[in-house]
Amino acid sequence: MEAESTENAIETRGLTKRFGRFTAVDSLDLEIARGEIYGLLGPNGAGKTTTIKMLCGLLKTTDGRAQVAGMPAGDRRASADIGYMPQEVALYEGLTVHQNIRFFGRVFGLSGRQTDEREEELLEFVNLAEWRDVLVARLSGGMKHRVSLTCALVHSPALLLLDEPTVGVDPELRVSFWDYFTRIKGRGRTIVITTHYMDEARRCDRIGFMRDGRLIAEGTVPEIQSLAGKEDLEDAFMVLAERSEGGEAA
Amino acid sequence: MRSPRFLTVTSRVFKELRNDRRTLALIVIAPVFAMFVFGLAFSGEVHDVPLIVVNQDQGAAPVPGAAIVSISGKIIANLDTKTLSISTESDPAKARSDIEDGDAYGALVFPEGFTASVVSEPSGATTSIELLLDKSNINVATAITQAVNEALLETMDQAGEKPPVTVDMVAVFGQNAKFMDFFVPGIMAFTVYLITTLLTLITFVGERTSGTLQRMLATTLSERDIVMGYAVTFSLIGMGQALLLLIIAILVFDISVVGNVLLAFLVIALLAVVSQAMGILLSSTARREAQAIQVLPFVVLPAFLLSGIFWPIEAIPSWLRPLSYLVPPTYAVDASRAVMLKGWGVSEIWIDIVALLAMAAFFLTLAVFSLKTRKD
Ligand SMILES: Nc1ncnc2c1ncn2[C@@H]1O[C@H](COP(=O)(O)OP(=O)(O)OP(=O)(O)O)[C@@H](O)[C@H]1O
Ligand SMILES: [Mg+2]
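Residues numbered from 1 in each chain as written. Chains lettered and ligands numbered in written order. Predicted model: local features only at pLDDT ≥ 70, side-chain atom pairs only at ≥ 80, totals over all residues. Heavy atoms only, no water.

### Some details on the overall build of chain A
Item 1. Within chain A one finds nine helices and 10 strands.
Item 2. Along the first, second and third principal axes, the C-alpha atoms of chain A reach 60 × 35 × 35 Å.
Item 3. Among the 250 residues that make up chain A, the fraction classed as buried is 54%.
Item 4. For chain A, contacts bridging at least 24 residues in sequence account for 67% of all contacts bridging at least 6.
Item 5. Averaged over its 31 positive side-chain charges, chain A has a centre that lies 5 Å from the centre of its 39 negative ones. (Helix = DSSP H or I, 4+ residues; strand = E, 2+ residues; numbered from the N terminus. Buried < 20%, exposed > 50% of the residue type's maximum accessible area, 1.4 Å probe, protein only. Contact = heavy atoms within 4.5 Å. Lys, Arg positive; Asp, Glu negative; His and termini not counted. Charge placed at Lys NZ, Arg CZ, Asp CG, Glu CD.)

### Section: the coordination of the magnesium ion (ligand 2)
All names here are of chain A.
Item 1. Around the magnesium ion (ligand 2), the donor atoms from the protein are T49 (OG1) and Q87 (OE1), and they sit 1.8 to 2.1 Å away. With T49 in helix α1 (residues 48–55) and Q87 in the loop between β6 (82–85) and α3 (97–106), this residue pair connects regions lying 38 residues apart in the sequence.
Item 2. The class for Q87 is partly exposed, based on a relative accessible area of 34%. (Donors = N, O, S within 2.8 Å, 3.2 Å for Na, K, Ca; no water.)

### Some thoughts on the domain arrangement of chain A
All names here are of chain A.
Item 1. By the assigned domains, chain A splits into domain 1 (1–81 + 158–168 + 180–250) and domain 2 (90–156).
Item 2. Look at where the C-alpha atoms of domain 1 and domain 2 centre, and you get two points 26 Å apart.
Item 3. At the junction of the two partners, domain 1 supplies 12 residues and domain 2 supplies 11 residues.
Item 4. For the pair domain 1 and domain 2, the summed buried area comes to about 860 Å², and 66% of that belongs to carbon and sulfur atoms.
Item 5. Counting only elements with at least two residues in the side of domain 1 that touches domain 2, the list comes to β7 (159–163) and α6 (171–186). (Domains from an automatic or database assignment. Buried area = accessible area lost by both parts, 1.4 Å probe.)

### Description of the packing of aromatic side chains
Item 1. In this structure the tally under the stated criterion is 15 aromatic pairs over all chains.
Item 2. On the basis of an interplanar angle of 70 degrees and a centroid distance of 4.9 Å, the ring pair of F204 of chain B and Y230 of chain B is categorised as edge-to-face. Of the two residues, F204 of chain B sits in helix α7 (residues 179–210) while Y230 of chain B sits in helix α9 (residues 223–251), which places them 26 residues apart along the sequence.
Item 3. Owing to a relative accessible area of 0%, Y230 of chain B belongs among the buried residues under this scheme.
Item 4. One aromatic cluster is present, formed by F125, F177, W178, Y180 and F181 of chain A through successive ring pairs.
Item 5. The ring of F182 of chain B carries R337 of chain B above its face, with NZ or CZ at 3.7 Å from the centroid. (Phe/Tyr/Trp six-rings, centres within 6.5 Å; stacked < 30°, edge-to-face > 60°. Lys NZ or Arg CZ within 6 Å of the ring centre and 35° of its normal.)

### Quick look at the confidence of the model for chain A
Residue and element names in this part refer to chain A.
Item 1. Averaged over all residues, the pLDDT of chain A equals 91, while 96% of them reach at least 70.
Item 2. Confidence scores differ between elements of chain A, with helix α9 (residues 233–249) showing the lowest mean pLDDT of 80 and strand β8 (residues 190–194) the highest of 97.
Item 3. For residues 1–5, every residue scores under 50 in pLDDT, and the model assigns this stretch eight contacts once sequence neighbours within four places are set aside. (pLDDT = per-residue confidence, 0-100.)

### Regarding unusual backbone geometry
All names here are of chain A.
Item 1. Even without being a glycine, A69 presents a positive backbone phi close to 50 degrees.
Item 2. By secondary structure assignment, the location of A69 is in the loop between β4 (63–68) and β5 (71–72).
Item 3. For A69, a relative accessible area of 14% translates into the label buried.
Item 4. Residue A90 is not a glycine yet carries a positive backbone phi of 50 degrees.
Item 5. Tracing the chain through its elements places A90 in the loop between β6 and α3.
Item 6. Here A90 falls in the buried class, since its relative accessible area comes to 3%.

### Examining the sheet that holds strand β10 (residues 214–219) of chain A
All names here are of chain A.
Item 1. Taken together, six strands build an open sheet; the order of strands is β6-β7-β8-β3-β9-β10 and the sheet is mixed. Looking at which strands have only one partner, the edges of the open sheet turn out to be β6 and β10. Direction aside, neighbouring strands of the sheet carry axes that sit 15 degrees apart on average.
Item 2. As defined by bridge partners, β6 adjoins β7 across four bridges and the pair is classed as parallel. Following the sheet pairing, G83 is matched in β7 by L160. (Pairing = 2+ DSSP bridges. Axes fitted to C-alpha atoms, helices over the stretch in contact; angles between N-to-C directions.)

### Remarks on the interface of chain A and chain B
Item 1. Every contact between the two is made by 33 residues of chain A and, on the other side, 26 residues of chain B.
Item 2. Summing both sides of the interface, chain A and chain B together bury roughly 2500 Å²; the carbon and sulfur share of this comes to 55%.
Item 3. The largest per-residue losses of area from chain A upon contact with chain B belong to L58, R76 and Y92 of chain A, which jointly make up 27% of the total buried on that side.
Item 4. Applying the counting rule to chain A against chain B returns one salt bridge.
Item 5. Measuring nitrogen to oxygen at the nearest pair gives 3.4 Å for the salt bridge that ties R76 of chain A to E223 of chain B.
Item 6. Seen at the junction of chain A and chain B, the total is 14 residue pairs in polar contact (both at pLDDT 80 or more).
Item 7. Going through the elements one at a time, β1 (10–19), α2 (76–79), β6, α3 and α5 (141–153) of chain A are the ones with two or more residues in the side of chain A that touches chain B.
Item 8. Of the residues forming the side of chain A that touches chain B, the biggest block, five residues, is contributed by α3 of chain A.
Item 9. Here the side of chain A that touches chain B is composed, by residue class, of 19 nonpolar, seven polar and seven charged. (Salt bridge = Lys/Arg side-chain N within 4 Å of Asp/Glu carboxyl O. Polar contact = N/O pair within 3.5 Å; in protein donor to acceptor, adjacent residues only side chain to side chain. Nonpolar A, V, L, I, M, F, W, Y, C, P; charged D, E, K, R; others polar.)

### Regarding the sheet that holds strand β2 (residues 22–32) of chain A
Sheet strands associate in pairs through backbone hydrogen bonding, adopting either a parallel or an antiparallel arrangement.
Residues and elements named next belong to chain A.
Item 1. Strand order in the open sheet formed by four strands is β2-β1-β4-β5, and the pairing between neighbours is antiparallel. Strands at the two margins of the open sheet, each flanked by one partner only, are β2 and β5.
Item 2. Both β1 and β2 contribute to a ladder of seven bridges, which runs antiparallel. By the bridge assignment for β2, I10 is matched with I32.
Item 3. Contacting β1, β2 and β4, α1 runs over the sheet at an angle of about 120 degrees to β1.

### Some points on the nonpolar core
Item 1. One finds L161 and F181 of chain A to be the most contacted residues of the largest nonpolar core, which totals 153 residues.
Item 2. It is helix α10 (residues 261–283) of chain B that contributes the most residues to this core, 14 residues altogether.
Item 3. The contacts of F181 of chain A, once residues within four sequence positions are left out, are I37, L149, L162, I191 and I193 of chain A.
Item 4. V53, L79, L84 and F114 of chain B belong to the second largest nonpolar core, which has 15 residues in total. (Core = buried A, V, L, I, M, F, W, Y, C linked by side-chain atoms within 4.5 Å.)

### Quick word on a nonpolar patch on the surface
Item 1. Taken together, the side chains of L243, I247, I250, L251 and V252 of chain B present a nonpolar region at the surface, about 460 Å² in accessible area.
Item 2. Within the secondary structure, L243 of chain B sits in helix α9. (Patch = residues over 30% accessible without salt bridge, like charges linked within 9 Å, V, L, I, M, F, W, Y side chains within 5 Å. Areas by Shrake-Rupley, 256 points an atom, 1.4 Å probe, with all protein chains shown as cover.)

### Focus on the pattern of salt bridges
All names here are of chain A.
Item 1. Per the counting criterion, the structure on display carries 20 salt bridges over all chains.
Item 2. Put simply, E93 and K144 hold a salt bridge, and the shortest N to O gap is 3.3 Å. Of the two residues, E93 sits in the loop between β6 and α3 while K144 sits in helix α5, which places them 51 residues apart along the sequence.
Item 3. On the accessibility criterion, E93 (36% relative accessible area) is partly exposed.
Item 4. On the basis of relative accessibility, which here comes to 15%, the residue K144 falls in the buried class.
Item 5. Of the charged contacts, one joins K185 and D205 as a salt bridge, the two residues approaching to 2.9 Å between their closest N and O atoms. Of this pair, K185 sits in helix α6 while D205 sits in the loop between α7 (198–201) and β9 (206–211), and the two are 20 residues apart along the sequence.

Following this line, the structure appears as C-alpha cells:
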C-alpha cells in the first residue's frame with residue numbers, strides 16, 4: 001500500500017478553496033515529508049480545517065492541486081492510508097466507546113480480532129480502558145475527544161490528519177499524546193496536526209503559520225524564531241502576522 | 001471470506017437502534033398501535049345508531065274475522081338491533097324535532113292503517129312508510145337505510161312473498177372477507193413507509209449534523225456503501241414490522257390470508273428500500289434535526305390519502321389519480337393486498353414490483369448522488 005518512500009506524504013501547489021466569493025484557503029504550497037510531524041497553526045478562521053478537509057477529500061478544491069499519500073486528494077484508494085480526526089467530535093453518541101471504535105475499524109476492513117487488539121492498546125494509551133462499554137453520550141467532552149482520536153488511529157494509518165486533537169484534554173494526557181505521536185513518527189508515520197498550543201507547536205518538526213487562508217511563515221521552530229527575531233513563539237507569530245499585514249498594505 | 005463493507009454500516013445502525021429503547025419502541029409499537037386505532041375506528045361497521053320508531057298502525061285482520069296482525073310490528077322486530085339503537089315515540093313531530101336536535105339520526109314512521117292498507121291493497125299497488133333521516137352523516141344514513149330495507153325484505157320473506165328480482169352475490173375473491181382483511185395490507189405498507197422514511201430522515205440528519213457522515217466519507221466507505229448499508233438495515237426492519245403486524249392481525253383480528261405471505265414481505269421490503277432512500281434524500285434538505293419535521297406533512301399526507309389504504313384508488317377523483325401513482329406505498333398496498341386477499345403471484349403483481357424496483361433504483365441513485373454533491 002505504501003507508495004515510494006522518497007515521495008512526500010503531502011504535496012500541494014496553489015491549493016485554494018473559495019466559498020462563494022470568500023477565499024478560505026489561498027494558494028497554499030505545502031511539502032510534508034514522510035515521517036514528519038507538521039503543525040498547522042493560525043488564528044480562528046485562518047483556514048486550517050478547510051485545508052485538512054481538502055486533503056482528505058471532504059471538500060472539493062477550487063483551484064490548485066494536492067497529492068496525498070501518493071494519490072490526488074480525494075482519491076478513495078488513499079483513504080486506507082489516512083487517519084482523519086475531525087475538529088468536532090463526530091462520534092455515534094448512541095454507541096458505546098467499543099462500538100464506535102469497532103465500526104471505524106471495520107470500515108477499513110479490519111477483522112473483529114484486529115480491531116479488538118488495536119482497541120485494547122489504544123484505550124490503554126488514551127486512558128479510557130474502563131469506559132469501553134459506556135455510551136459516548138455519557139462521556140465528558142475531553143473523553144469524547146480521546147475516543148475520537150482512537151477512532152482515527154484504529155487502522156494504523158501511514159498519514160494522520162488531526163484537527164485539534166488535544167482540545168479539552170488535560171495537560172498530563174496531552175503530554176502522553178505527544179509522546180505517542182513522537183513514537184509512531186519513529187515508525188515512519190506522518191502527522192499533520194492543527195493546534196493553538198505553543199508547547200505543542202514546539203514539539204513539531206516543522207510548523208506552518210496560516211492567516212487569512214495564506215501560509216505566512218513556515219519552518220522549524222528555530223527557523224521561525226530567527227525569522228521573527230523573537231524567542232517566544234507566541235511573540236514570533238505576532239510579529240509575523242503584523243509583517244504580513246504590512247506587506248499587504250505596501 | 002470478507003463480508004461486503006456496507007454491512008459494517010448495517011450492523012452499526014442496528015447497534016444504534018438496539019441501544020436506543022425509544023426508537024426501538026417506535027419501530028415495534030407504532031405499527032401495532034396504528035393497526036388497532038385505525039382497525040377499530042375504521043372497521044366500516046356502524047353500531048348503535050339512535051333511531052326513533054313511530055308506529056301509528058293499529059294492525060288489521062288479513063281476512064275478515066281472523067285475528068288481528070301488525071305488519072309494522074313484524075318489520076320493527078326484524079330491525080337489526082346491533083346497528084340500531086331503537087326507541088319509540090308516538091308523535092311524528094316530536095321525532096322530527098329529536099332529529100333536528102341531534103338526539104337521533106333517523107325516525108321510521110308507520111302511518112295509521114298501515115297493515116290494513118297492505119292487506120287490502122291489490123297486488124302491485126304500494127303503501128309507503130316514512131323514513132326521516134339526518135343525511136349529514138352519510139355513513140350513518142346509509143346504515144339506517146340498509147337496516148330498514150333488510151327488515152322489509154325479511155318480513156316479506158317470512159310472509160312468503162318473493163321480490164320479483166333477486167341479486168345473487170358470488171364472491172370471486174374475498175369470500176367472507178372482513179374490513180380488516182382489506183385493511184391490514186394497507187396499514188402494513190403505510191406504517192413501514194412512514195416509519196422507515198422518518199427513521200432514516202432523523203438518523204441521517206444526525207449523521208450530517210454530528211459530522212459522522214463526513215467522517216465515514218473520509219474512510220474507505222463509498223457513498224454507495226453507506227446507502228446500501230442503510231437499505232439493508234431498513235428492509236430487514238420493514239419485514240420485521242410486517243411480520244409483527246401480520247401475526248397480531250391473525251391472532252387478534254382473525255384476518256384470513258390466502259396468498260404467499262413471503263411475496264407480500266418482499267414487496268414490503270422493497271417499499272422500505274424506497275422509503276429509506278427518500279429519507280436520505282430528504283435529509284439533505286434539513287440542516288438541523290428540527291427542520292426534518294417540516295417535511296413530514298409532505299411525507300405523510302399524500303401517502304395517507306392517495307395510496308389506497310382506506311379507499312380504493314378508483315374512489316379518488318380522476319384528476320388526482322396520477323398523483324396516486326407517484327406515492328410509493330400505492331404499489332405496495334395494491335400488491336400486498338392482491339397477494340394476501342386474492343392469492344395472486346408474481347405473474348399478476350409484476351407491474352407493482354417493477355414500479356417499486358424502478359422507484360428504488362431512482363431514489364437510491366438520487367440518494368447516492370445527494371451524498372456526493374455535499375462536498376462543494
Ligand atoms: N462551508 C463553509 N461555507 C462558507 N464559509 C466557510 C465554510 N467553512 C469554512 N468557512 C470559512 O472559512 C474560513 C476558514 O475556516 P476554517 O474552519 O478552515 O478555520 P480554522 O483555521 O480551522 O479555524 P479554527 O481555529 O477556529 O478551527 C472561516 O472564515 C470560515 O468562516
Ligand atoms: Mg478549525
